[in-house]
Structure formats: structure tokens, C-alpha cells
Amino acid sequence: MSVLICGGAGYIGSHNVRTFMAHGENVIVVDNLVTGHRASVPSSVRFYEGDIRNGEILDKIFTENQIDAVIHFCACSLVGESVEKPLKYFDNNVWGMISLLEAMQRNNINKIIFSSSAATYGEPEKIPILETAPTNPTNPYGESKRMMEIMMKWLSNVSNIKYVSLRYFNVAGAWHDGSIGEDHKCETHLIPLILQVPLGKRDHVTVFGNDYPTKDGTCIRDYVHVCDIADAHVLALEYLRNGGESNIFNLGSGDGYSVMEMITAAEKASGQKIKLEIGARRAGDPARLVADSHKAREILKWSPKFTDMAEIIATAWKWHKAHPNGF
């Protein structure tokens, strides 16, 4: 049997491809390469270039391969863009999920692991955030992820399809040998932006606000290494294969790092001083977002291997230094 990884040429998807392979799984990948990179997928992996909104390509994949489960990473994921182009996000993310679930039903595939997001929570009332916290997304990206979860829930109630939804917080780092890593056409993530300074690609990194009610005045976020995220997907599939019921889990370290602490850790990892400038706050940026991941630790037996932020950033630095222009 094989595992189909939808969006397997993307940042998180490509790390899952290698992790599942390392666990002895036969992996099939489908990706439309709009944001993914063909070079991130090993040549030995059977690869289909296509969009999951196209039911015919999915039926072809399911017919040509013995698929046991689906791991779903396909989504537009830029929060700012989602506010400007909400219909793009509902078309790609929500319709993509409908198409995928319909194809799974047609082809009798009954297990799906979904790449969800802490954006489903919006601005939480309590920290750390539990899975039982209200979901009140503040942008179309988070709303689309919540809608995708809702669709899986209702379908699971009336079919044999079981799902695990993994709500990530901030994903960071790269594969241990620096062969694959984070490469976005429009970079918005903090660690790559910070590392662009020692790479000589920008003069400084801007810190958006230093007057938050935190230890150093800058926003605090929860970061998890991308390989720890991938390990959670392997454990989630094992959970479903062992008869686990549909469920939702947070994936976070449980520790928060401020923007200033991230810059300090990046200086340690790169061995270079990183220039910064203080800018105005960005609208909608909560002061602190930290996960409570006890549920994943207890039920999935998941435990992050990377716990030191400088070590996490060092893996990203290894990738970016070797591939300053990406793939």
C-alpha cells in the first residue's frame, strides 16, 4: 500500500515525503507546483503534476496506485494575501478539499491527515491554547482551514472516512543535510527573513513593534521544527491505522520565543551580527501565541526532538547558506 501526499513538493510536504520514506512507506506525490518545487521531491518518488481540484487526476492516481491514506498539504497560505484575495483562498483551499474528499469516497480511501493551522483560533482568549478553544479566524486563510476541518467532521459522521487534523503553530528549520528547506517566492516567515541579513540579501530585519506586554516588548510565538511536524504526521497515520477516531491535535513546542530572542538565536546559529530596525505594530498581531500540545503528546505519543531554538535555526541556516536563491 502507498501513501498519497498532496502538496508534497512544498516546504512542509517535502519534509513529510522524506520522513514517510524513512519509515518504510511507499510515497506518491501530487502537486501543481504553483508554490512547490519539483527539485524538493526525490527522483525515486512517483510524482504527478496536477491540481487536486481536478477530480480526473485524483481518480487516475487512485486507480494506478494502491493508496492506503492521504496526507493533505495543498493550500494557499499567505495571511495577507488571503485578506486581499479571499475568493482565491476559498476556491483553492475549500474547493480543493471538497474535490479530494469526493475522490476519496469514489475510490474507497478512508484515512486522511490534514495540515491545519493555529490560524483557526484567531486571537485566543487564553494562553496556552487548547484544542477546545473557540475557533474565530481573523482572516480568510484561517477561515478556509476551519471550513476544511468542518467538512471532514460532517463527512466522517456519515461515512467510513476518518481524519486527523494537525493544527500547526510556527514551523521552522530544514532537513538535516541542508538538501531541502524553506523557499517561498514571496517570503513572509520570520526565520528566512532574519537569515536574509547574514546572507547579504537585505540590509536589516524589521521588528514590528517593541511595546507589547511581553518580556522584551516584542511578539512571542511558538516554533516547531519541520521534521518534528513530519514525525507527528507519521504518528497520526499510525493512530488511524490502529482504529483511532477522527481527532484534532495542536502541534507546538509549548514554549514561546520573542522576535528579539529569535534574532539572538539566529546570530548564534549564523555566527554573524544581524542588524534590526524597529517598525510600527502590524494590525492584528497578538502579543503571544503558544500551543498546549499535551493532547498530541499523550494520544499520539509525539514529542519534539528539537528543543533548542539556535539548533532549529542552524538547520535553516545550513539550507539557506547552501541555496541562497532557493531550489
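Structure: see above.
Just so we're clear, the structure is a prediction, and the values are computed from it rather than from any experiment.

Secondary structure summary: the protein contains ten helices and 14 strands in total. Relative to the compact-globule value of 20 Å for 327 residues, the protein shows a C-alpha radius of gyration of 19 Å, a close match. Projected onto its principal axes, the C-alpha positions of the protein cover 55 × 45 × 40 Å. Within the span of the protein, comprising 327 residues, buried residues form 56% of the whole. In the protein, once contacts between residues fewer than 6 apart in sequence are set aside, the share between residues at least 24 apart is 77%. Total accessible area computed for the protein in this model is approximately 14,200 Å², and 50% of it derives from carbon and sulfur atoms. Taken as two groups, the 33 positive and 38 negative side-chain charges of the protein have centres that lie 1 Å from each other.

As summarised here, the arrangement of the seven strands in space is S3-S2-S1-S4-S5-S6-S11, forming an open sheet in which the pairing is parallel. Both edges of this open sheet fall to strand S3 (46–49) and strand S11 (247–251), since each of them pairs with a single strand only. The mean inter-strand angle of the sheet, taken between neighbouring strand axes irrespective of direction, is 20°. The pairing of strand S5 (residues 111–117) with strand S6 (residues 162–168) spans seven bridges and is parallel.

It is worth spelling out helix H7 (residues 226–241) at this point. Between the first and last C-alpha of H7 there are 23 Å, a value that for 16 residues agrees with the 22 Å anticipated at 1.5 Å per step. For H7, the buried fraction is high: 13 of the 16 residues fall into the buried class. Phi turns positive one or two residues past the end of H7, at Gly243, with a value near 95°.

The next point concerns the pattern of salt bridges. A complete count under the given rule lists 19 salt bridges for this structure. For the salt bridge of Arg46 with Glu64, the shortest nitrogen-to-oxygen distance reads 3.5 Å. You can see Arg46 sitting in strand S3 and its partner Glu64 sitting in helix H2 (residues 55–64), a full 18 residues away along the chain. A salt bridge links Asp51 to Arg53, with the nearest nitrogen and oxygen atoms 2.7 Å apart. Three or more residues are tied together by salt bridges with common partners; here these are Glu25, Asp68, Lys111 and Arg241.

Residue Pro128 is reached from Ile127 by a cis peptide bond, and omega for that bond is 0°. Phi at Lys301 is positive, roughly 65°, even though this residue is not glycine. Following the sequence through the fold, Lys301 ends up in the loop between helix H9 (294–300) and helix H10 (309–322). For Lys301, a relative accessible area of 63% corresponds to the exposed category.

Now for the nonpolar core. Ile5, Ile12, Val29, Val164, Leu166, Tyr168 and Leu251 are the most contacted members of the largest nonpolar core, which has 37 residues in total. When residues of this core are traced back to their parent elements, those giving at least two are strand S1 (2–6), helix H1 (11–22), strand S2 (26–31), strand S4 (67–72), S6, H7, S11 and H9. At nine residues, the largest contribution of residues to this core is made by H7. Excluding residues within four positions of it along the chain, Ile5 makes contact with Gly13, Asn16, Val17, Phe20, Val27, Ile28, Val29, Val30, Ile71 and Phe73. Within the second largest apolar cluster, 27 residues are counted, among which are Val30, Ile52, Leu58 and Met148.

Of all the residues in H2, the buried ones are Gly55, Ile57, Leu58, Ile61 and Phe62. Down the axis of H2, the buried side of the element spans an arc of 160°, and every buried residue falls inside it. Exposed residues pointing more than 90 degrees away from the buried face of H2 are listed as Glu56 and Thr63. Looking at the packing, one finds that the buried side of H2 touches S1, S2, S3, S4 and helix H4 (86–106). A side-chain oxygen of the first residue of H2 lies 2.9 Å from the backbone nitrogen of Glu56; this N-cap is Asn54.

The rules behind the values
- Residues numbered from 1 in each chain as written.
- Predicted model: local features only at pLDDT ≥ 70, side-chain atom pairs only at ≥ 80, totals over all residues.
- Heavy atoms only, no water.
- Helix = DSSP H or I, 4+ residues; strand = E, 2+ residues; numbered from the N terminus.
- Rg over C-alpha atoms; globule rule 2.2 N^0.38 Å.
- Buried < 20%, exposed > 50% of the residue type's maximum accessible area, 1.4 Å probe, protein only.
- Contact = heavy atoms within 4.5 Å.
- Areas by Shrake-Rupley, 256 points an atom, 1.4 Å probe, with all protein chains shown as cover.
- Lys, Arg positive; Asp, Glu negative; His and termini not counted.
- Charge placed at Lys NZ, Arg CZ, Asp CG, Glu CD.
- Pairing = 2+ DSSP bridges.
- Axes fitted to C-alpha atoms, helices over the stretch in contact; angles between N-to-C directions.
- Expected span 1.5 Å × (residues − 1).
- Salt bridge = Lys/Arg side-chain N within 4 Å of Asp/Glu carboxyl O.
- Core = buried A, V, L, I, M, F, W, Y, C linked by side-chain atoms within 4.5 Å.
- Arc of directions from axis to C-beta.
- Polar contact = N/O pair within 3.5 Å; in protein donor to acceptor, adjacent residues only side chain to side chain.

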